[in-house]
Structures are given as structure tokens and as C-alpha cells.
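One-letter residues, chain by chain:
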Amino acid sequence: MGETRMIDRKSAAADQGDKRMSAVRNRDETVRVDADGLRAFVSRIVSEHAGEELIFLCIGTDRSTGDSLGPWVGTLLEERGVAGVRGTLKEPYDANTLPRLLRTLPDHAIVIAIDACLGRPESVGSYVATRGPLVPARSVNGSLGAVGTYSIAGVVNESSRKPYWTLQSTSLYHVMGMAKEMADAIANAVEEANRAEST
């Protein structure tokens, strides 16, 4: 599960800006976006790195509804035939396996890290899009390092004093809806890029 404080750090600026986020220009810029903004963010990344190897690193576990966002996204992307997917419901990249599996990623690849996080009540259902890495498990006091050339964290529920319980009690219906939005944004951007390369 991802970085909760990313939302707190940038939410005021993000609220004042256009939630569609027509462009995210600067390295390590973080913006909270809705589904339209997510599509714009992903489309820009894919177009900027046309011809390069993209890895969609979907972090999380199938044993917690809130933290299953990443594996759900990975599973849906695999079903859409998207290449470079790491982390699915069948083979999750969770706190136990992530450190070992990260060493298997190609050094030259552009890694888009995808994870769940907790945030402010008004942020639930939105996405934290960053031109930089995220830190898995930080909001539950994990000690994993930062991962990703870019990152997307889906805010699946409110922050609380008992984050593990909050993740366990998060609505699976809500998580699956967010996973579909994320997978659609990524798959559509990849398919569009592939069509452009073939013409």
C-alpha cells in the first residue's frame, strides 16, 4: 500500500488546479486527479516513452480488499493483453515478495508503480499521480524503499489510526471500480500508442 502523505503534501495545490490535468511537466510533481486526469497522465507517459520498455508494477496483496487494488489492475491489464505487467491476483507483488522481485526488473525499463493508499475523506476515489516514485506500505509503517519512474496511487479509503483494519474493511466493489478505471486508462493509452506506431 502506498504513500498517504503524498496527498496531504499536495492536495491544496491540486484542489486549486484543473483536475483533468492536461499536463504534468516537472519531475516529481504530484497531482491528485479524477478519472479524466488519470487518463491524461497515463497517455502523456506512454507517448513520451514511445518505443521504450514499460513495466506496470502493480503492488499489493490479494488478502486485503483495500490493498488488492494493484493486483486487480494487473489482472485486468493482463486480460487486455497489455505487455510488461508485474503483479496480479495470481502472482501479487506484496511486502513479502516485492524486494526480491524488484531485482528482476530490467534496468533500462520505465517503471510505472501502481498501488493503493489511504487519504483525506474528500480524496477517496481519486488518484495521486506522480512523475516520480512511491513508497509502498508507508502508511502502515512499512520499510520498503521507493519504487517507480512514475507512480499512481489510488485513494481507496480514509486514513485512520488503524490502517490495516481500514484496508481490510474497504469495499471490494469500490476497489474494483477504481481498478477498472486505472486499467482502462492504461490499456487504452497503450493501444493508442501501438496504433500510432503501426501507421
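Everything below is about the structure shown above.
Residues numbered from 1 in each chain as written. Predicted model: local features only at pLDDT ≥ 70, side-chain atom pairs only at ≥ 80, totals over all residues. Heavy atoms only, no water.

1. Quick notes on the overall build of the protein chain
Piece 1. Scanning the protein chain from terminus to terminus reveals six helices and six strands.
Piece 2. Counting all 199 residues of the protein chain, 52% fall into the buried class.
Piece 3. Roughly 9700 Å² of accessible area belongs to the protein chain as shown, and the carbon and sulfur atoms make up 47% of that amount. (Helix = DSSP H or I, 4+ residues; strand = E, 2+ residues; numbered from the N terminus. Buried < 20%, exposed > 50% of the residue type's maximum accessible area, 1.4 Å probe, protein only. Areas by Shrake-Rupley, 256 points an atom, 1.4 Å probe, with all protein chains shown as cover.)

2. Things to note about the packing of helix 3 (residues 69-79) against helix 6 (residues 172-198)
Piece 1. One way to put it is that helix 3 packs onto helix 6 with a least axis distance of 8 Å and a crossing angle of 45°. Classed by the angle they form, the pair helix 3 and helix 6 counts as oblique. Along this stretch, helix 3 crosses helix 6, giving a crossing that reads as right-handed. Contacts from Leu-69, Trp-72, Val-73, Leu-76 and Leu-77 of helix 3 reach helix 6 at Leu-172, Val-175, Met-176, Met-178, Ala-179, Lys-180, Met-182, Ala-183, Ile-186 and Ala-187. (Axes fitted to C-alpha atoms, helices over the stretch in contact; angles between N-to-C directions. Parallel < 35°, antiparallel > 145°, perpendicular 65-115°, else oblique. Left-handed = near helix turned anticlockwise from the far one by under 90°. Contact = heavy atoms within 4.5 Å.)

3. Here we look at the pairing of strand 1 (residues 30-33)
Piece 1. Neither face of strand 1 is open: one carries Thr-30 and Arg-32, the other Val-31 and Val-33, and all of them are buried.
Piece 2. Sheet topology places strand 1 next to strand 5 (residues 127-130); four bridges connect them, and they run antiparallel. Residue pairing across strands places Val-33 opposite Tyr-127, the latter belonging to strand 5. (Pairing = 2+ DSSP bridges.)

4. With respect to helix 2 (residues 35-48)
Piece 1. If you check helix 2, its first and last C-alpha atoms are 20 Å apart, about what 14 residues at 1.5 Å a residue would give, namely 20 Å.
Piece 2. Along helix 2, the residues that are buried comprise Ala-35, Gly-37, Leu-38, Phe-41, Val-42, Ile-45 and Val-46. Buried residues in helix 2, looked at end-on, bunch into an arc of 165°, giving them a common side.
Piece 3. Looking at the packing, one finds that the buried side of helix 2 touches strand 1, strand 2 (54-58), strand 4 (110-119), strand 5, strand 6 (150-158) and helix 6.
Piece 4. Residue Asp-34 occupies the N-cap position of helix 2, its side-chain oxygen lying 3.2 Å from the main-chain nitrogen of Asp-36. (Expected span 1.5 Å × (residues − 1). Arc of directions from axis to C-beta. Polar contact = N/O pair within 3.5 Å; in protein donor to acceptor, adjacent residues only side chain to side chain.)

5. A few points about the nonpolar core
Piece 1. Counting 37 residues, the largest nonpolar core has Leu-69, Val-73 and Leu-77 as its most contacted members.
Piece 2. In terms of residue count, helix 6 provides more of this core than any other element does, eleven residues in total.
Piece 3. Once you skip the residues sitting within four places of it in the chain, Leu-69 turns out to touch Asp-115, Ala-116, Gly-154, Val-156, Val-175, Met-178, Ala-179 and Met-182.
Piece 4. Ile-59, Leu-101, Val-111 and Val-147 belong to the second-largest nonpolar core, a separate cluster that totals 13 residues. (Core = buried A, V, L, I, M, F, W, Y, C linked by side-chain atoms within 4.5 Å.)

Geometry only, nothing functional implied.
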